[in-house]
Amino acid sequence: NEVDIAEFLDELEVEQEILVFRLLPKDTAAEVFTYLENTEDQEKLIGALSDRELREVLDELYLDDTVDIIEDMPANVVSRILRNTDASTRSQINQLLNYPKDSAGSIMTTEFVFLHPDATVEESFARIRSVGIDKETIYTCYVTDGRRVLDGVVTLRELLLAPDNAPVRTLMEPNVITVRTTDDQELAVRALMRYDFLSLPVVDQEDRLVGVVTVDDVMDVMEEEATEDFQRMAAMAPSEKSYL
């Protein structure tokens, strides 16, 4: 499992860590990279990788994971990461970085599946198959019109159990619970926990769907918030670095 590999790498000396990391298949390597706990190790790995190797890792990362990594890196490393992404990805990364710190917009991913309300179940499955491999989640699909205004939500289970010719609008739930890009990330955490969702849609001020917050994003936020709470209980100011 990628989590166990990351834990193993954290125990190695940097030279060994780089060697083992290079032996991993590129899709596994990207997943392992996101689980490395030591930011300095991530920075050293990026420095050791060639531009081609770095591009391969970045191509396998989901956009929100790339943003999380960039936020903790010095400017020279950020510049190198951005140089090795395509123009479209770079534009989306910059957009996410511009949202307020600790907002729903800053932790969301823009890689989700959206369907047209007039599409049939059969047409929707064809779309999911064609775009789903690059999306962070496909189990919950969002229904939008041409203006990307959120009309409803439909689960993969509902699509599977429906007739092939059924229009999506007859299956979707039109009353969708959302958060706005500028809402505090804790609001997204509470909503996901309260309603037991796998993902939560994030809309802008004009109710256009711009991203989703997934369960794994929320788990990271919960861990950060719990750490800060414990530090305050111990009469210490929250810090990103170890006090020792």
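Higher on the page you've got the structure.
Basis of the calculations
- Residues numbered from 1 in each chain as written.
- Predicted model: local features only at pLDDT ≥ 70, side-chain atom pairs only at ≥ 80, totals over all residues.
- Heavy atoms only, no water.
- Buried < 20%, exposed > 50% of the residue type's maximum accessible area, 1.4 Å probe, protein only.
- Helix = DSSP H or I, 4+ residues; strand = E, 2+ residues; numbered from the N terminus.
- Arc of directions from axis to C-beta.
- Polar contact = N/O pair within 3.5 Å; in protein donor to acceptor, adjacent residues only side chain to side chain.
- Pairing = 2+ DSSP bridges.
- Contact = heavy atoms within 4.5 Å.
- Axes fitted to C-alpha atoms, helices over the stretch in contact; angles between N-to-C directions.

A. A look at helix 12 (residues 185-195). Within helix 12 the residues assigned to the buried category are Gln185, Ala188, Val189, Ala191 and Leu192. The arc enclosing the buried residues of helix 12, seen along the axis, measures out at 165 degrees, which places them on a common side. For helix 12, the exposed residues set more than 90 degrees away from the buried face come down to Met193 and Arg194. Capping the start of helix 12, Asp184 holds a side-chain oxygen 2.8 Å from the backbone nitrogen of Glu186, two or three residues further along. Directly beyond the C-terminal end of helix 12, a positive phi value near 60 degrees is found at Asp196.

B. Spotlight on the sheet that holds strand 4 (residues 179-180). Reading across from one edge, 4-5-6 is the order of the 3 strands in this open sheet, with mixed pairing throughout. A single partner strand is all that each edge strand has here, and the edge strands are strand 4 and strand 6 (209-214). In this fold helix 12 packs onto strand 4, strand 5 (199-203) and strand 6, with an angle of close to 140 degrees to the strand it touches most, strand 5.

C. Up close: the sheet that holds strand 2 (residues 137-144). In space, the 3 strands of this open sheet follow the order 1-2-3, with mixed pairing throughout. Both edges of this open sheet fall to strand 1 (112-115) and strand 3 (150-155), since each of them pairs with a single strand only. Strand-to-strand twist in this sheet, taken as the mean axis angle between neighbours without regard to direction, amounts to 35 degrees. Where strand 1 meets strand 2, 3 bridges bridge the pair, whose relative direction is parallel. Looking at strand 2, one finds that Leu115 is bridged to Val143.

D. Expanded view of helix 10 (residues 121-131). Three or more residues of helix 10 are buried, namely Val121, Ser124, Phe125, Ile128 and Val131. One face of helix 10 carries all of its buried residues, which in axial projection span an arc of 145 degrees. The outward face of helix 10, more than 90 degrees from its buried face, is lined by the exposed residues Glu122, Arg129 and Ser130. Where helix 10 is buried, its residues touch strand 1, strand 2 and helix 11 (156-160).

E. Molecular detail of unusual backbone geometry. Even without being glycine, Asp102 reaches a positive phi, approximately 65 degrees. Here Asp102 lies in the loop between helix 8 (87-97) and helix 9 (104-107). Given a relative accessible area of 32%, Asp102 falls into the partly exposed group. A positive phi angle, close to 60 degrees, is found at Asp196, a residue other than glycine.

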